[in-house]
Amino acid sequence: MSQAHPDTSTAFLDACIAALGAQHVLTDAHDTAPFVTDWRKRYQGAARAVLCPADTREVAAVVKLAHAHRIALVPQGGNTGLAGGATPDAAGGEAVLSLRRLNRVREIDPHNNTITVEAGVILAEVQARAAEAGRLFPLSLAAEGSCTIGGNLSTNAGGTGVLRYGNTRELCLGLEVVTPEGEIWDGLRGLRKDNTGYDLRDLFIGAEGTLGIITAAVMKLHPQPAARVTALAALGSAHAALDFLALAQRYAGPLLTGFELMSDFCMRLVGRHFPQLRYPFQTHHAQVVLLELSDNESEEHARALFERLMEAALEQGLVEDAVVAESLAQSQAFWNIREHIPLAQAQEGLNVKHDIGVPISRIGHFIEETDAEIARTVPGARMVTFGHLGDGNLHYNVQAPEGVDPKSFLAENEKTLNRIVYDSVHRHRGTISAEHGLGQLKVDEAAHYKSAVELRLMQAIKAALDPLNLMNPGKVLRTPRSTGEASA
Ligand SMILES: Cc1cc2nc3c(=O)[nH]c(=O)nc-3n(C[C@H](O)[C@H](O)[C@H](O)COP(=O)(O)OP(=O)(O)OC[C@H]3O[C@@H](n4cnc5c(N)ncnc54)[C@H](O)[C@@H]3O)c2cc1C
């Protein structure tokens with residue numbers, strides 16, 4: 001367990017206590033422990049304090065103090081990020097800035113179809129408050145009971161509804177941000193059109209806390225669909241799945257809200273570790289796709305549309321078998337299979353994870369080429385390939401060969417496998433992180449694949465907004481360290 005930094009009586013901490021109250025400045029190792037380790041327990045950091053302001057004004061006060069005392073801040077929401085972005089470094093000089101107490105829904109405007117929420121509101125709460133107002137907030141991901149809207153914005157989270165509604169960036173109309181100097185930028189505009197210069201909002205979204213602290217946001221709402229129906233389709237290859245996606249989009253248009261690919265090995269893994277989740281087909285097929293329709297008319301309408309789509313796909317030889325959910329419970333059972341893949345993978349043992357994106361049209365080629373290269377380099381490696389095919393985003397994970405100790409497999413092969421996968425992604429003009437961000441996990445990989453021009457532009461933005469490098473240093477970009485004791 002980490003120790004609190006010995007220097008707990010500095011002027012900075014005294015000033016924070018005066019601003020927030022002693023109970024909201026945590027320095028005891030027992031209290032700070034949950035904030036200095038990431039969700040996967042991959043990183044163990046240390047913090048001189050965990051600061052818990054209650055509102056935007058208090059955030060601004062703390063940031064001003066950090067600026068004056070040259071203390072680096074690591075913003076944190078639900079701490080569910082998968083790239084170590086919310087974990088401080090191990091030196092113990094940084095302070096974690098927890099946004100969880102900023103948990104108010106400020107306004108729901110049904111006619112503007114917007115909800116204004118503070119950064120620490122849990123995603124499931126945003127969904128629930130929207131539903132109470134008869135609206136849909138469509139961002140949905142497995143961590144929704146713990147992650148916060150500030151974290152979703154800062155990682156530009158995706159999830160299961162991107163195909164229809166876009167990722168978090170597309171769901172955001174305005175932001176309130178505390179700048180690295182502690183000023184408050186009120187950009188809480190609920191506008192769908194605003195062409196008045198640089199889009200500052202888009203700069204802070206996906207910045208992983210490296211440019212400032214998001215304290216509130218205006219998010220878009222959508223009409224609640226009348227019904228949601230899912231179906232599973234069995235296919236012979238990822239190429240067939242792409243043709244099937246095009247057909248499904250032609251039939252369903254914007255009603256198609258989910259299109260998830262699951263390779264046969266994923267289905268077998270789920271079957272092995274969660275046998276209570278029934279495999280839905282008579283025989284095994286190379287790929288299975290989960291489709292979801294969100295229908296504004298009725299369940300019957302959605303089901304009839306599915307029937308027509310599946311008939312056409314079977315006729316064209318795209319689909320080998322299909323089953324449409326007969327009830328809400330069956331729809332949930334289909335989603336359960338998809339959601340249990342990461343859990344089944346964890347039960348099987350440590351593995352090498354990738355969260356990659358390539359243009360949708362290249363997915364089939366990417367899988368074929370990369371699978372073949374991995375098979376040549378690490379014979380017997382088992383590919384766990386699943387994800388949001390409709391967004392061009394795959395979880396392309398590698399499990400140790402049957403019977404091989406996962407720990408030694410990882411130690412021996414992780415670097416080689418990462419290079420094979422990321423080189424292939426690069427050849428296909430893709431991205432090494434389509435969802436989870438860079439955090440501290442992929443900083444060096446990003447530097448390896450981004451061009452010198454792109455890196456220089458990113459460094460210039462960081463230097464312009466945060467010249468002292470006090471906002472989440474070491475995340476997203478390698479920057480010279482400037483933290484430590486007050487120099488002014
Ligand atoms: C089980 C599970 C499933 C997931 N599924 C998905 C998925 O389907 N799609 C997907 O995209 N992601 C997924 N994720 C990862 C996802 O990025 C996070 O769950 C979520 O978006 C992060 O929110 P958080 O509040 O936990 O942020 P944190 O983990 O606390 O922080 C994430 C990053 O944002 C910064 N940050 C947090 N709050 C602020 C703020 N207010 N201002 C400035 N910076 C801030 C932090 O410094 C850090 O860099 C999943 C994670 C888990 C554990």
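Residues numbered from 1 in each chain as written. Predicted model: local features only at pLDDT ≥ 70, side-chain atom pairs only at ≥ 80, totals over all residues. Heavy atoms only, no water.

Visitor: Could you give an account of the site of the ligand, with specific residues and numbers?
Guide: Taken together, 34 residues surround the ligand, and among them Pro75, Gly77, Thr80, Gly81 and Thr148 come closest. Threonine 80 is positioned such that a nitrogen or oxygen atom in its side chain is 2.5 Å from an oxygen atom of the ligand. Residue glutamate 435 places a side-chain N or O atom 3.1 Å away from a nitrogen atom belonging to the ligand. In the complex, the protein chains occlude 93% of the 980 Å² of accessible area that the ligand would expose alone. Among the secondary structure elements, those contributing two or more residues to the shell around the ligand are strand E3 (73-76), helix H5 (149-154) and strand E10 (213-220). By residue number, the principal contributor to the shell around the ligand is H5, which donates four residues. Each residue belonging to the shell around the ligand can be placed in one class, and the counts come to 13 nonpolar, 19 polar and two charged. (Near = heavy atom within 4 Å. Polar contact = N/O pair within 3.5 Å; in protein donor to acceptor, adjacent residues only side chain to side chain. Areas by Shrake-Rupley, 256 points an atom, 1.4 Å probe, with all protein chains shown as cover. Helix = DSSP H or I, 4+ residues; strand = E, 2+ residues; numbered from the N terminus. Nonpolar A, V, L, I, M, F, W, Y, C, P; charged D, E, K, R; others polar.)

Visitor: Go over the confidence of the model for the protein chain with me, naming the residues and quoting the values.
Guide: Taken residue by residue, the protein chain gives an average pLDDT of 94. The fraction at 70 or more is 96%. This model gives residues 1-6 a pLDDT under 50, and the stretch forms 17 contacts once residues within four places in sequence are excluded. Across residues 482-488 the pLDDT falls below 50, and counting only partners more than four positions away or on other chains, this stretch makes 21 contacts in the model. (pLDDT = per-residue confidence, 0-100. Contact = heavy atoms within 4.5 Å.)

Visitor: Talk me through the packing of aromatic side chains; I want residue IDs and the actual numbers.
Guide: Using the criterion set out here, one finds five aromatic pairs in the structure. Both rings, one in tyrosine 279 and one in phenylalanine 281, keep their centres 6.0 Å apart while their planes meet at 75°; by these two values the pair is edge-to-face. Judged by its relative accessible area of 7%, phenylalanine 281 is buried. (Phe/Tyr/Trp six-rings, centres within 6.5 Å; stacked < 30°, edge-to-face > 60°. Buried < 20%, exposed > 50% of the residue type's maximum accessible area, 1.4 Å probe, protein only.)

Visitor: Can you break down the pattern of salt bridges residue by residue, with the values?
Guide: Taken as a whole and judged by the stated rule, the model has 23 salt bridges. Put simply, glutamate 299 and arginine 303 hold a salt bridge, and the shortest N to O gap is 2.8 Å. In this pair, glutamate 299 and arginine 303 are both assigned in helix H10 (residues 299-315), four residues apart and thus about one turn of the helix distant. On the basis of relative accessibility, which here comes to 19%, the residue arginine 303 falls in the buried class. Between arginine 478 and aspartate 444 there is a salt bridge, with the nearest N and O atoms lying 3.1 Å from each other. Here arginine 478 is found in the segment after helix H16 (452-465), whereas its partner aspartate 444 is found in helix H15 (residues 443-449), with 34 residues between them in sequence. Here the salt bridges share partners, and the residues they tie into one network are Arg104, Arg106, Glu118 and Glu176. (Salt bridge = Lys/Arg side-chain N within 4 Å of Asp/Glu carboxyl O.)

Visitor: Give me the lowdown on the environment of serine 294, citing residues and values where you can.
Guide: Assignment of secondary structure puts serine 294 in strand E14 (residues 287-295). The exposure class assigned to serine 294 is buried, which follows from its relative accessible area of 6%. Remark: the alpha-carbon pair of serine 294 and phenylalanine 244, spanning 50 residues in sequence, is separated by 18 Å. Each residue touching serine 294, except ones within four places of it in the same chain, is listed here: Pro225, Ala227, Arg228, Leu255 and Thr257. A polar contact is formed between the side chain of serine 294 and the side chain of threonine 257, at a distance of 2.8 Å.

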